[in-house]
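# Coordinate analysis (summary)
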Amino acid sequence: MMDYNKIWESVLDKIKEITTQISFETWFLPLKIRRIDQDLNIVYIEVNSDNRSEFIITTIKNRYLSTLETSFKEVLSDSFRVVLKDSDQYKSEEVKEEPKIKPKKQLLDKEKIFNPRFNFENFVVGNSNKYAHAAALAVAESPSEAYNPLFIYGGSGLGKTHLMHAIGIYLLENNPKLNVLYVSSEMFTNELIKALNTHKMNEFKSKYRKADVLLIDDIQFLEGKESTQEEFFHTFNSLYDSNKQIIISSDKAPNKLVNLEERLRSRFQWNLIADIQPADYETRVAILLKKAENMGINTDENPEIYDVACMIAEKIKDNIRELEGALIRVVSFSQLLNEKLDKNFTKRTLKDIFSNVERTVTPEKIKKTVCKYYGIKITDIESSKKTNNIAFPRQIAMYLIREMTDYSLPKIGQFFGGKHYTTVLYACEKIDDELSMDKNLREVIENIKEEIKD
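### Structural notes on helix H7 (residues 160–174)
Here H7 contains 15 residues, and its C-alpha end-to-end distance of 22 Å stays within 8% of the 21 Å for a straight helix at 1.5 Å per residue. Burial of H7 is extensive: eleven of the 15 residues sit out of reach of the surface. Residues of H7 that are buried include every one of Lys160, His162, Leu163, Met164, His165, Ala166, Ile167, Gly168, Ile169, Leu171 and Leu172, and no others.

### Describing the sheet that holds strand S6 (residues 213–217)
Backbone hydrogen bonds hold the strands of a sheet together, and the pairing may be parallel or antiparallel. Ordered in space as S5-S6-S7-S4-S8, the five strands form an open sheet in which the pairing is parallel. Here the strands that pair on one side only, and so sit at the sheet edges, are strand S5 (180–184) and strand S8 (272–276). Between one strand axis and the next, the sheet turns by 15° as a mean value, whatever way the strands run. Here strand S4 (residues 150–154) runs beside S8; their pairing, made up of five bridges, is parallel. Pairing of Phe151 across the sheet is with Ile273, part of S8.

### Details of the sheet that holds strand S1 (residues 31–37)
The sheet built from three strands is open, its strands ordered S1-S2-S3 with mixed pairing. The open sheet has two free edges, formed respectively by S1 and strand S3 (81–86), since each of these has just one partner strand. Averaged over all neighbouring strand pairs, the angle between strand axes comes to 25°, with direction disregarded. Where helix H1 (residues 4–18) meets the sheet, its contacts fall on S1 and strand S2 (42–47), and the angle it forms with S1 comes to roughly 120°. Where helix H3 (residues 53–76) meets the sheet, its contacts fall on S1, S2 and S3, and the angle it forms with S3 comes to roughly 160°.

### Topic: the packing of aromatic side chains
Counted by the stated rule, this structure contains 17 aromatic pairs. Look at Phe151 and Phe268: their rings are 5.5 Å apart centre to centre, the planes differ by 35°, and that puts the pair in the tilted class. Of the two residues, Phe151 sits in strand S4 while Phe268 sits in helix H11 (residues 262–268), which places them 117 residues apart along the sequence. We classify Phe151 as buried; its relative accessible area is 1%. For Phe268, a relative accessible area of 0% gives the class buried.

### Notes on the confidence of the model for the protein chain
Residues at a pLDDT of 70 or more form 94% of the protein chain, whose mean pLDDT is 85. The spread of mean pLDDT over the elements of the protein chain runs between helix H5 (residues 110–113), the lowest at 54, and strand S7 (residues 245–250), the highest at 94. For the stretch residues 96–111, pLDDT sits under 50, and the model shows 15 contacts to residues farther than four places along the chain or on other chains.

### Some remarks on helix H8 (residues 185–197)
Along an α-helix, residues three or four apart share an orientation, since each turn contains 3.6 residues. The terminal C-alpha atoms of H8 lie 18 Å apart, and with 13 residues this matches the ideal 18 Å at 1.5 Å per residue to within 8%. For H8, the full list of buried residues reads Ser185, Phe188, Thr189, Leu192 and Ala195. For H8, the angular spread of the buried residues around the axis is 130°, confining them to a single face. In this structure, the buried residues of H8 make contact with S5, helix H9 (201–209), S6 and helix H10 (226–241).

### Quick look at unusual backbone geometry
Peptide bonds are mostly trans, and most non-glycine residues show a negative phi. A cis amide bond, omega 0°, links Asn148 with the succeeding residue Pro149. Within the secondary structure layout, Pro149 lies in the loop between helix H6 (130–141) and S4. We note that Asn243 has phi near 60°; this positive angle belongs to a residue other than glycine. Examined against the element boundaries, Asn243 turns out to sit in the loop between H10 and S7. On the accessibility criterion, Asn243 (48% relative accessible area) is partly exposed.

### Points about the nonpolar core
By size, the foremost hydrophobic cluster in this structure holds 29 residues, and its most contacted members are Ile366, Val370, Ile396, Leu400 and Phe416. Mapped onto this core, the elements with two or more residues apiece are helix H17 (363–374), helix H19 (388–404), helix H20 (409–414), helix H21 (421–437) and helix H22 (439–453). Contacts of Ile396, omitting those with residues within four sequence positions, involve Val370, Tyr374, Ile431, Leu441, Ile445 and Ile448. Ranked by size, the runner-up nonpolar core spans 27 residues in total, among them Ile167, Leu171, Leu178 and Ile247.

### Concerning the pattern of salt bridges
Applying the stated rule across the entire model yields 19 salt bridges. The closest approach of N and O atoms between Glu74 and Lys14, which form a salt bridge, is 3.7 Å. Of the two residues, Glu74 is situated in helix H3 and Lys14 in helix H1; the sequence distance between them amounts to 60 residues. Looking at Glu74, the relative accessible area reads 47%, which means it is partly exposed.

### Digging into the packing of helix H12 (residues 281–294) against helix H14 (residues 320–337)
Contact geometry of H12 with H14 gives a least axis separation of 10 Å together with a crossing angle of 45°. Considering their axes alone, H12 and H14 lie oblique with respect to each other. The crossing of H12 and H14 is right-handed. Seen from H12, the contacting residues are Arg284, Ile287, Leu288, Lys291 and Ala292; seen from H14, they are Ile320, Leu323, Glu324, Leu327 and Ile328. In the contact of H12 with H14, the residues fall into seven nonpolar, no polar and three charged.

### Describing a negative patch on the surface
On the surface, Asp3, Glu9, Asp13 and Glu17 cluster together into a negatively charged patch. With respect to the helices and strands, the residue Asp13 is situated in helix H1.

### Let's talk about the environment of Pro410
As for its placement among the helices and strands, Pro410 is situated in helix H20. Taking relative accessible area as the criterion, Pro410 reaches 44% and is therefore assigned partly exposed. Separated by 354 residues in the primary sequence, Pro410 and Ile56 place their C-alpha atoms 47 Å from one another.

### Observations concerning the side chain of Ser249
With respect to the secondary-structure elements, Ser249 resides in strand S7. Of the polar contacts made by the side chain of Ser249, one reaches the side chain of Asp217; its length is 2.2 Å. Polar contacts involving the side chain of Ser249 include one to the main-chain amide nitrogen of Asp218, which spans 3.0 Å. Here Ser249 is in contact with Ile152, Lys160, Met164, Ile216, Asp217, Asp218, Ile219 and Gln220, once residues within four sequence places are set aside.

Cut-offs and rules
Residues take numbers from 1 onward in each chain, read along the sequence in its written order. Restriction of local features to residues with pLDDT of at least 70 applies here, the model being predicted, together with a cutoff of 80 or more for giving and counting side-chain atom pairs; totals for whole chains, interfaces and linings are based on all residues. In computing side-chain values, all of the structure's heavy atoms are included and hydrogens and water are not. Working definition: helices are DSSP H or I runs of at least four residues, strands are E runs of at least two. Numbering for both runs from the N terminus. Helix span, as expected, comes to 1.5 Å for every residue beyond the first. Each residue is placed in one exposure class: buried if its accessible area under a 1.4 Å probe, protein chains only, is under 20% of its type's maximum, exposed if it is over 50%, and partly exposed if it falls in between. In this analysis, strands are considered paired if DSSP registers two or more bridges between them. Between N-to-C directions, angles cover 0 to 180 degrees, with each direction set by a line fitted to C-alpha atoms, over the stretch in contact for helices. Contact definition: two residues touch when any of their heavy atoms are within 4.5 Å. Only rings of Phe, Tyr and Trp enter the pairing, Trp through its six-membered ring, and a pair is recorded when the two centres are within 6.5 Å. The plane angle decides the type: under 30 degrees is stacked, over 60 is edge-to-face, the rest tilted. The predictor reports its confidence for every residue as pLDDT, a score running from 0 up to 100. Each direction from the helix axis to a C-beta atom contributes to the arc, which is the arc of those directions. Put simply, buried Ala, Val, Leu, Ile, Met, Phe, Trp, Tyr and Cys residues joined by side-chain atoms within 4.5 Å make one nonpolar core. Within this document, salt bridges are pairs made up of a side-chain nitrogen of Lys or Arg and a carboxyl oxygen of Asp or Glu, the two lying within 4 Å of each other. Just so you know how the angles are binned, under 35 degrees is roughly parallel, over 145 roughly antiparallel, 65 to 115 roughly perpendicular, and the rest oblique. Two helices crossing with the near one rotated counterclockwise from the far one by less than a right angle form a left-handed crossing, whereas a clockwise rotation gives a right-handed crossing. Gly is put with the polar residues, along with every residue not named as nonpolar or charged; the nonpolar set is Ala, Val, Leu, Ile, Met, Phe, Trp, Tyr, Cys and Pro, and the charged set is Asp, Glu, Lys and Arg. Distance thresholds for patches are 9 Å for like charges and 5 Å for nonpolar side chains (Val, Leu, Ile, Met, Phe, Trp, Tyr), applied to residues having over 30% relative accessible area and no salt bridge. What sets the accessible areas is the Shrake-Rupley method with a 1.4 Å probe; for residues, cover comes only from the shown protein chains. As used throughout, the charge tally considers Lys and Arg to be positive and Asp and Glu to be negative, leaving His and the chain termini uncounted. By convention, the point assigned to a charge is CZ for Arg, NZ for Lys, CD for Glu and CG for Asp. Nitrogen and oxygen atoms within 3.5 Å of one another constitute a polar contact, given that in protein one can donate a hydrogen and the other can accept it, and given that sequence-neighbouring residues count only through two side-chain atoms.

Right under this line is the structure:
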């Protein structure tokens, strides 16, 4: 029998180490463990029902859910998903529950598997993600008929997981009997290890190979895990041969997963590969306004929210989670402190974030760092010299500016003595190709990046 109080105290100790005192007291002290489902690896957290419970739950889900889940993993030595509800919701569900015994391993309903906020309606479509969104919707509408497998890739915090959840929610809303299975690659690995240790491999294989739709998040974490790759290879083949839908997300394109078996990489490229790029300014503003509406802010009655959204979107460019987190922070603080939410308040509240952004990477800093690393002059890298000791560092500098900034190819060319954009494109593609094969070059690039960030 688990001692919930003791577990919760240990989790709070972990959280206290990584949060401020005010955040700890405001968001975590009102919580308690309702129950822990060891069969499904779910921790149910309860908030006392009052006029702040909905706000606390929303804030925790948006900002601190990963903190909670990580802390439980450290305390319980296993991955657990956290579900938050207020006490009235739990009581209501308990009244509705049928007295008959239900099978332990039944398919979870969409509210337990998927985050209900991550639906297609809440996904803001822009130039950076419209193809991935269209592909995801097509798969949701016609699983195993549109694109199979569907491989979605992009940097951290750009919306991959949102699309994965949206597909799952849509499928279950339109066909509740469908066996939809959603896991992270880490969870897949942990379940495999557990099955091996408990001699339950047949159950493990049956669980995954009987799915009608398998969504697996962050496939890049399978890199270097040979046994897990072997099992996923057979799972993939079994589902594909049975005409079952497979959707995979990654932070890199399949051909960049260099520590993944070639046979897996090739299968990931069998059908559609859709990428998500960092959102442009207009899309970032739209995302923030949509987020404000979902938080209950009437944008018509609060016109200042548009200025706030524009200010945040101007500063935070590369990560949607950070973008939304900044808005949640200013909204939360304005409500807690009872201050007007406007540009001045936003600037004060986010001064630490904005000051970090202002020390951001610039093309000049990148060129200077690359030149220092290779022992050449900036005038050389900006010249038309084509000797290898100049041309190669120039290509690396072009690649890094493309990778670490928002500048377009023509604009990057201007930083190198007015080079044509096709020269920049060739340089980026060449370095990209060499990185997939040359481990030493990858280390060089990472070292230069660290120097640039310092």
